[in-house]
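The residues making up each chain are set out below.
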Amino acid sequence: MSITHARDILIEATNDGYAIGAFNITSFVQMQAIVEVHIDRKAPLIIQTSVTPSRFLGQSAIVAVLRTLAEQAPIPICLHLDHCTDVDYCKECADLGWTNIMIDASKQPFEDNIRQTKEVAEYCHSLQSVTVEGELGTVSGVEDQVQVVSDEAQLCDPQQALEFVQRTGVDLFAPAIGTAHGVYKTKNPKIDFDRFDRIAKLINGEAVTTPLVIHGGTGLPPDYVRMLIELGGSKFNVSTDLKHALIDATFEYISANREEYNPGKIDQAVKDATRHKVNEWIDMLGSAGRV
Ligand SMILES: [Zn+2]
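Residues numbered from 1 in each chain as written. Predicted model: local features only at pLDDT ≥ 70, side-chain atom pairs only at ≥ 80, totals over all residues. Heavy atoms only, no water.

What is the right way to look at the overall build of the protein in this model?
Counting its secondary structure elements, the protein contains 11 helices and 10 strands. Taking 291 residues into account, the globule formula puts the C-alpha radius of gyration at 19 Å, and the protein, at 18 Å, falls close to it. Counting only C-alpha atoms, the protein reaches 60 × 40 × 35 Å along its principal axes. Within the protein, the fraction of its 291 residues that count as buried is 55%. In the protein, of all internal contacts separated by at least 6 residues, the share reaching a separation of at least 24 is 73%. (Helix = DSSP H or I, 4+ residues; strand = E, 2+ residues; numbered from the N terminus. Rg over C-alpha atoms; globule rule 2.2 N^0.38 Å. Buried < 20%, exposed > 50% of the residue type's maximum accessible area, 1.4 Å probe, protein only. Contact = heavy atoms within 4.5 Å.)

Okay, here's the thing in structure tokens:
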């Protein structure tokens, strides 16, 4: 299969009561590991990067490597740009072959957020095979270019959410409901399930048209993940878990083998740790065997 946009696979997931993992990568070793484990588990996949890794790995190189991996893979794979605040950069990535773009104008006033999101949505839709994610309200924590402290975090208003989706024409929608980027400081993070339920019913009550995205997947208790899927969440963003897997596996390998100079073995340790973590997510999301 070739790489695909995100909307159709997420509509299918929402209708069938499971979710698809959207895994943030910072290296090609991680990308390979995640693709391999999804092929093994017959699970649809969204690979994503935030803007900084897309720059240092190279936007075109990421497309080329993922296309090559996807061609041999019997599963749909989407390439998503995460949390991009720059309209021109969104368009550039869409031109280069990324199949889903998140324009994050959630820090802007409502009307500005609508204007910028609509501009990216219209541009990407003119390219036909590219879909777009928008965000309303603010997810707390740190995500690449976007930093918000939790006191400032504003949750998404359901009526505004409906207006936002209708006026921008976005394909996927990320409402702020209390999830956070990074590591949760408490064992039971405060997630506003009622708010999420109201938003899901307003937007997708009749039929699923605009799949809903959960940011800040790392650290969410499994029963929270299940509840959010039941209420209509179908894309779960997972970033911090994979950063920890990469750094911890590297540190542990080097600490145990300080005299060895074999980078392939470090890569293998990173791959194993990544596969282990991603397998846990596939189990939580129920995405195995869906292809
Ligand atoms: Zn996010």
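Can you help me understand the coordination of the zinc ion in this one?
Ideal geometry at a metal gives 109.5 degrees between four tetrahedral donors and either 90 or 180 degrees between six octahedral ones. Within the first shell, the zinc ion binds the protein through His83 (NE2), His181 (NE2) and His215 (ND1), at distances of 1.9 to 2.1 Å. Mapping the donors of the zinc ion onto the primary sequence gives the spacing H-x97-H-x33-H. Placement of the pair is His181 in the loop between strand S8 (172-175) and helix H8 (193-204) and His215 in the loop between strand S9 (212-214) and helix H9 (222-231), with a sequence separation of 34 residues. (Donors = N, O, S within 2.8 Å, 3.2 Å for Na, K, Ca; no water.)

Looking at this structure, how should I read the side chain of Asn24?
Examined against the element boundaries, Asn24 turns out to sit in strand S1 (residues 20-24). Residue Asn24 is classed as buried on the basis of its relative accessible area, which comes to 6%. Engagement of the side chain of Asn24 in a polar contact is seen with the side chain of Asp82, the distance being 3.4 Å. (Polar contact = N/O pair within 3.5 Å; in protein donor to acceptor, adjacent residues only side chain to side chain.)

Please clarify how the pairing of strand S2 (residues 45-50) should be interpreted in this entry.
A regular strand places its side chains so that they alternate between the two faces of the sheet. For S2, the tally of buried residues reaches six of six residues, placing the bulk of the element in the interior. With burial as the criterion, each face of S2 is covered, one bearing Leu45, Ile47 and Thr49 and the other bearing Ile46, Gln48 and Ser50. Note that S1 and S2 share three bridges and pair parallel. The residue of S2 that forms the bridge with Ala22 is Ile46. Each parallel crossover has a hand, and for S1 linked through helix H2 (residues 28-41) to S2 it is right-handed. (Pairing = 2+ DSSP bridges. Right-handed = clockwise from strand over helix to strand, strands pointing away.)

Just checking my understanding: could you explain the pairing of strand S3 (residues 77-84) for this structure?
Of all eight residues making up S3, eight are buried, and the element is well covered by its neighbours. Judged from the six bridges that link them, S2 and S3 form a sheet pairing that is parallel. From the neighbouring strand, Thr49 faces S3, where its bridge partner is Leu81. As paired strands, S3 and strand S4 (residues 100-103) are joined by three bridges and run parallel to one another. Counted as the bridge partner of His80 is Asn100 from S4. Handedness of the crossover joining S3 and S4 through helix H5 (residues 87-96) is recorded here as right-handed.

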